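Given next are the chains, with one letter for each unit.
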Amino acid sequence: MTGNDALAALRPRLPSPVQEVRDERFARRGVRLLLKRDDLIHPDLIGNKWRKLAPNLAAAAGRPIVTFGGAYSHHLRATAAAGRLLGVPTIGVVRGDELAGRPLNPSLARCAADGMRLHFVDRSTYRRKTDPAVLATLLRAARAEDAYVVPEGGSNALAVHGCTALGEELRGHADVVAVACGTGGTLAGLAAGAGPGQRVLGIPVLKGGFLGEEIRTLQQAAFGGPRGDWRLDERFHFGGYARTTPELHAFADDFEDRHGVGVERLYVAKMLYGLTTLTEEGAFPPGTVVAAVITGTR
């Protein structure tokens, strides 16, 4: 069975559903809110993880896969699950060698249960993992020299191409499409696949102001230049990656109560909070249809 045939056998739900929700905070501004339910694509490879991993899994063609992430990385969990489902060995290079001697948190425990071999590295080395010499040393230390390398967050040119379908699926549905951003690959592809006149809004979940350049670099690698009408609003990271606040949790709980949709806290809640704030600020003219991409599940 080829890589693409094996992925098709997992029966992803594509295109993912589009669900309209009635929310008075949007309605009183004359704005309609749609949810693009990428969280329903596959129970183990949800949301943008399917769209970004699928082309890389096909390219790996059964070779072991090595990838990178922090202690709470959704990407590591998705890669481990893919390995289990497809019978492919996976190696996760984890940021923070101090974690090696501690009990695994639930996220890393799930990776291990799915068969991923975890290799912990110090944070200084991890930051330099894209340097070819450092990467080669990491792969040797992890006994993964022959593995197919997927970058942190799964964001590379193949992943960006995989995410163009997300934009294509939303053509004609919305004026503005919003997505939470970690490494920028989903937004890079989404913007390229969006239709004429559609605007794409990214809500970074990390602080630092570096993501715009990362997205431009990804689009250059994937398409040879910029694509789509996109921008970032960097106000809603709530302190940075894996950081939350009581205010964010209260917002997410309220959204769940209103609409019966589970809200993942590290990405989706920040994006929905940002959209709600922007709407209340009058950022969207009356009559605007906004689609929020639900990239994860609680």
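For the structure itself, look to the data block above.
Bear in mind that the values here come from a model prediction, so they are computed numbers and not experimental data.

**Side note on the sheet that holds strand S8 (residues 199–204)**
Across the sheet, 6 strands lie side by side as S1-S2-S10-S7-S8-S9; this open sheet has mixed pairing. Each end of this open sheet is capped by a strand with a single partner; those strands are strand S1 (18–21) and strand S9 (229–232). On average, each strand axis in the sheet is inclined to that of its neighbour by 25 degrees, with strand direction left out of account. Along the sheet, helix H10 (residues 211–223) makes contact with strand S7 (176–181), S8 and S9, crossing S9 at roughly 150 degrees.

**Observations concerning helix H4 (residues 74–86)**
When the terminal C-alpha atoms of H4 are compared, their 18 Å separation across 13 residues agrees well with the 18 Å that a helix rising 1.5 Å per residue should span. Those residues of H4 not exposed but buried are His-75, Leu-76, Ala-78, Thr-79, Ala-80, Ala-81, Ala-82 and Gly-83. On its buried face, H4 is in contact with helix H3 (48–60), strand S3 (65–69), strand S4 (90–95) and helix H5 (106–113). One side-chain oxygen of the residue at the start of H4 lies 3.2 Å from the amide nitrogen of His-75, identifying that residue as Ser-73.

**Looking at the packing of H3 against helix H8 (residues 157–169)**
In helix packing, the relevant descriptors are the interaxial angle and the interaxial distance, both defined with respect to the helix axes. Running from amino to carboxyl end, H3 crosses H8 at an angle of 135 degrees, the nearest separation of the two axes being 7 Å. Taken together, the axis directions place H3 and H8 in an arrangement best described as oblique. Like other packed secondary-structure pairs, H3 and H8 cross with a definite hand, here right-handed. Packed against H3, whose contacting residues are Arg-51, Lys-52, Pro-55, Asn-56 and Ala-59, the element H8 presents Leu-158, Ala-159, Gly-162, Cys-163, Ala-165, Leu-166 and Glu-169 at the interface.

**Regarding helix H12 (residues 268–280)**
Between its terminal C-alpha atoms H12 stretches 18 Å, which fits the 18 Å expected from 13 residues at 1.5 Å a residue. When you tally the buried positions in H12, you get 12 out of 13 residues, the bulk of the element. For H12, the full list of buried residues reads Val-268, Ala-269, Lys-270, Met-271, Leu-272, Tyr-273, Gly-274, Leu-275, Thr-276, Thr-277, Leu-278 and Thr-279.

**Here we look at empty space enclosed by the protein**
Which parts of space are left empty comes out when a probe the size of a water molecule is rolled across the atoms. Per the stated rule, a full pass over the model turns up 1 cavity of 30 Å³ or more. Estimated volume of the largest cavity: approximately 30 Å³. In terms of residue class, the lining of the largest cavity is built from 4 nonpolar, 2 polar and 1 charged.

About the thresholds
All residue numbers refer to position in the chain's written sequence, counted from 1. Local features are withheld for residues below a pLDDT of 70 in this predicted model, meaning they are given only at 70 or higher, and side-chain atom pairs are given and counted only at 80 or more; totals for whole chains, interfaces and linings count all residues. To obtain the side-chain values, all non-hydrogen atoms of the structure were used and water was disregarded. One bridge is not enough; two strands pair if DSSP finds at least two bridges between them. Runs of H or I in DSSP of at least four residues are treated as helices and runs of E of at least two as strands, each being numbered from the N terminus. Working convention: axes come from line fits to C-alpha atoms, limited for helices to the stretch in contact. Angles between N-to-C directions cover 0 to 180 degrees. In this analysis, two residues are considered to be in contact whenever any of their non-hydrogen atoms come within 4.5 Å of each other. How far a helix is expected to stretch is found by multiplying one less than its residue total by 1.5 Å. Type-normalised accessible area, obtained with a 1.4 Å probe on protein chains alone, sets the label of each residue: buried when under 20%, exposed when over 50%, and partly exposed for intermediate values. We call two N or O atoms a polar contact when they sit within 3.5 Å, provided that within protein one can donate a hydrogen and the other can accept it, with sequence-adjacent residues counted only if both atoms are side-chain atoms. Each angle receives one of four descriptions, namely roughly parallel if under 35 degrees, roughly antiparallel if over 145, roughly perpendicular if within 65 to 115, and oblique otherwise. Note on convention: the crossing is left-handed when the near helix lies turned anticlockwise from the far helix by less than a right angle, right-handed when the turn is clockwise. Two kinds of site are reported from a 1 Å grid over the protein atoms alone, namely cavities, where a 1.4 Å probe fits but cannot get out, and pockets, open sets with protein on both sides within 12 Å along at least five of seven lines, and residues are called lining when an atom falls within 4 Å of a point. Grid points are joined across faces, edges and corners, and a volume is the space filled by probe spheres set on the points. Only Asp, Glu, Lys and Arg are considered charged, only Ala, Val, Leu, Ile, Met, Phe, Trp, Tyr, Cys and Pro nonpolar, and every remaining residue, Gly among them, polar.

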